[in-house]
Amino acid sequence: YGVASAVGLMMCHIMGVSSSSALKHAVALGRAMQMTNIALDIAEDHSHKRLYLPLTWLHEAGLNDENYLHANNRSALKTVILKLLKTAEI
């Protein structure tokens, strides 16, 4: 909420939109954009020692915070990424 959703709320303010419905959607859109960004930046974040994927999801896929980017784990990681993107759609 404190990252992309805040940007969505700020954009509503800049555009002069203040209805509670619009603000609710701005927060949801911000969360979805953040999740999509996380999915796009997994390898880059790893190179900076950052991980934003839920550990429980990694563990459910048989992965952990050290092996999720190994080449032989791509299929399992794909399931985690697809779950993240599906969550962004909701």
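None of the values given here were measured: they were computed from a predicted structure. For every chain, the first residue of its written sequence is number 1, and the numbers climb from 1 along that sequence. Totals for whole chains, interfaces and linings use all residues, but because this is a predicted model, local features are given only for residues with pLDDT of at least 70 and pairs of side-chain atoms are given and counted only at 80 or more. Computation of side-chain values covers all heavy atoms of the structure but excludes hydrogens and water.

**Notes on helix H2 (residues 20-40)**
Its 21 residues place the ends of H2 30 Å apart at the C-alpha level, agreeing with the 30 Å of an ideal helix rising 1.5 Å per residue. For each residue, the accessible area found with a 1.4 Å probe, counting protein chains only, is set against the maximum for its type, and the residue is called buried under 20%, exposed over 50%, and partly exposed in between. In DSSP terms, a helix is any run of H or I states spanning at least four residues, a strand is any run of E spanning at least two, and both are numbered starting from the N terminus. All of the buried residues along H2 are Ala-26, Val-27, Gly-30, Ala-32, Met-35, Ile-38 and Ala-39. In what follows, a contact means two residues having at least one pair of non-hydrogen atoms within 4.5 Å. Of the surrounding secondary structure, the elements contacted by the buried residues of H2 are helix H1 (4-15), helix H3 (42-47) and helix H5 (74-89). To estimate the expected span of a helix, count its residues, drop one, and scale the result by 1.5 Å.

**Some words on the confidence of the model for the protein chain**
As a per-residue quantity, pLDDT reports the predictor's confidence and falls between 0 and 100. When pLDDT is averaged along the protein chain, the result is 92; 98% of the residues meet or exceed 70. Per-element averaging of pLDDT across the protein chain places H1 at the bottom with 85 and helix H4 (residues 55-60) at the top with 98.

**As for the pattern of salt bridges**
In what follows, salt bridge is the name for a side-chain nitrogen of Lys or Arg lying within 4 Å of a carboxyl oxygen of Asp or Glu. Counting across every chain of the model gives three salt bridges. Asp-45 is the partner of Arg-50 in a salt bridge, and the nearest nitrogen-oxygen pair spans 3.1 Å. By relative accessible area, which is 33% here, Arg-50 ends up partly exposed. Given a relative accessible area of 8%, Asp-45 falls into the buried group. Ionic pairing is found between Glu-60 and Lys-83, a salt bridge with its closest N-O pair at 3.1 Å. Taken together, the positions of Glu-60 in helix H4 and Lys-83 in helix H5 put the pair 23 residues apart, joining distant regions of the chain. Residue Glu-60 is classed as exposed on the basis of its relative accessible area of 60%. You can call Lys-83 partly exposed: its relative accessible area is 34%.

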